[in-house]
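Examination of the molecular architecture
Below, each chain spelled out in residue letters.
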Amino acid sequence: MAQTVSFTPADIEAQIQHWLSTEVDGYLGSTYGSPLLELLQNPFGAGLADAFLAKLRTDIPLLTMLPANAVDLSYVDTAPDKRTIFISVLGRAIRIN
């Protein structure tokens, strides 16, 4: 008998939060982890967002089962010199600290 596993939006958010808090190569023998520092201090138009999301999908295979447009990266200018970045998964925004 096959067993069905279900994930809630909170489970997916917890996986992404863990990924964000882990540096690339943070686990011995694994490239798992967020290249967040590469994304910072670069213009959003530099093309790094696509590579960032591709690494996210590679490291968290559950996200590959979602439609391609279900995972997105966006930002909101919060002050003249500050920007808050979000990962949106199925419309649920996860703030990148």
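Structure: see above.
Scope of this entry: the structure provided in the associated data block. (Residues numbered from 1 in each chain as written. Predicted model: local features only at pLDDT ≥ 70, side-chain atom pairs only at ≥ 80, totals over all residues. Heavy atoms only, no water.)

Focus: the environment of Phe-7
Within the secondary structure, Phe-7 is located in the segment before helix H1 (9-20). In sequence terms Phe-7 and Asp-25 are 18 residues apart; their C-alpha atoms lie 26 Å from each other. With near-sequence residues (within four places) excluded, Phe-7 lies in contact with Ile-12, Gln-15 and Leu-62. (Helix = DSSP H or I, 4+ residues; strand = E, 2+ residues; numbered from the N terminus. Contact = heavy atoms within 4.5 Å.)

Focus on the pattern of salt bridges
Scanning the entire structure with this criterion turns up 3 salt bridges. A salt bridge links Asp-59 to Lys-55; the shortest N-O distance between them is 2.7 Å. Pair noted here: Asp-59 and Lys-55 are both in helix H3 (residues 48-59), with a separation of 4 residues, about one helical turn. Here Asp-59 and Lys-55 have matching classes, each one buried. (Salt bridge = Lys/Arg side-chain N within 4 Å of Asp/Glu carboxyl O. Buried < 20%, exposed > 50% of the residue type's maximum accessible area, 1.4 Å probe, protein only.)

Things to note about the pairing of strand E1 (residues 71-79)
Bridge analysis of E1 against strand E2 (residues 82-89) gives 8 bridges, and the strand direction is antiparallel. The residue bridging Asp-77 from the neighbouring strand is Arg-83, located in E2. With antiparallel pairing between neighbouring strands as the criterion, E1 and E2 make up a hairpin whose turn holds 2 residues. (Pairing = 2+ DSSP bridges.)

Re the pairing of E2
Remark: a regular strand shows side chains that alternate across the two faces of the sheet. Here E2 runs beside strand E3 (residues 92-96); their pairing, made up of 5 bridges, is antiparallel. Across the sheet, residue Phe-86 finds its bridge partner in E3, namely Arg-95. Hairpin remark: E2 followed by E3, antiparallel, with 2 residues in the connecting loop; positive phi at Leu-90, about 50°.

A short note on the side chain of Lys-55
Residue classification places Lys-55 among the buried residues on the basis of a relative accessible area of 19%. Polar contacts involving the side chain of Lys-55 include one to the main-chain carbonyl oxygen of Thr-31, which spans 2.5 Å. Setting aside chain neighbours within four positions, we find Lys-55 in contact with Trp-19, Val-24, Thr-31, Tyr-32, Gly-33 and Pro-35. (Polar contact = N/O pair within 3.5 Å; in protein donor to acceptor, adjacent residues only side chain to side chain.)

Thoughts on H1
Spanning 12 residues, H1 covers 16 Å between terminal C-alpha atoms, matching the ideal 16 Å at 1.5 Å per step. Residues Ile-12, Ile-16, Trp-19 and Leu-20 constitute the buried set of H1. Looking straight down H1, one finds its buried side chains confined to an arc of 100°; they lie on one side. On its buried face, H1 sits against H3, E2 and E3. (Expected span 1.5 Å × (residues − 1). Arc of directions from axis to C-beta.)

Section: the sheet that holds E2
Reading across from one edge, E1-E2-E3 is the order of the 3 strands in this open sheet, with antiparallel pairing throughout. Of all strands in the sheet, those bounded by a partner on one side alone are E1 and E3. Across the sheet, the mean angle separating the axes of adjacent strands is 30° when strand polarity is ignored. With respect to the sheet, H1 is in contact with E2 and E3, its orientation differing from that of E3 by roughly 20°. Across the face of the sheet, H3 comes into contact with E1, E2 and E3 while running at roughly 130° to E1. (Axes fitted to C-alpha atoms, helices over the stretch in contact; angles between N-to-C directions.)

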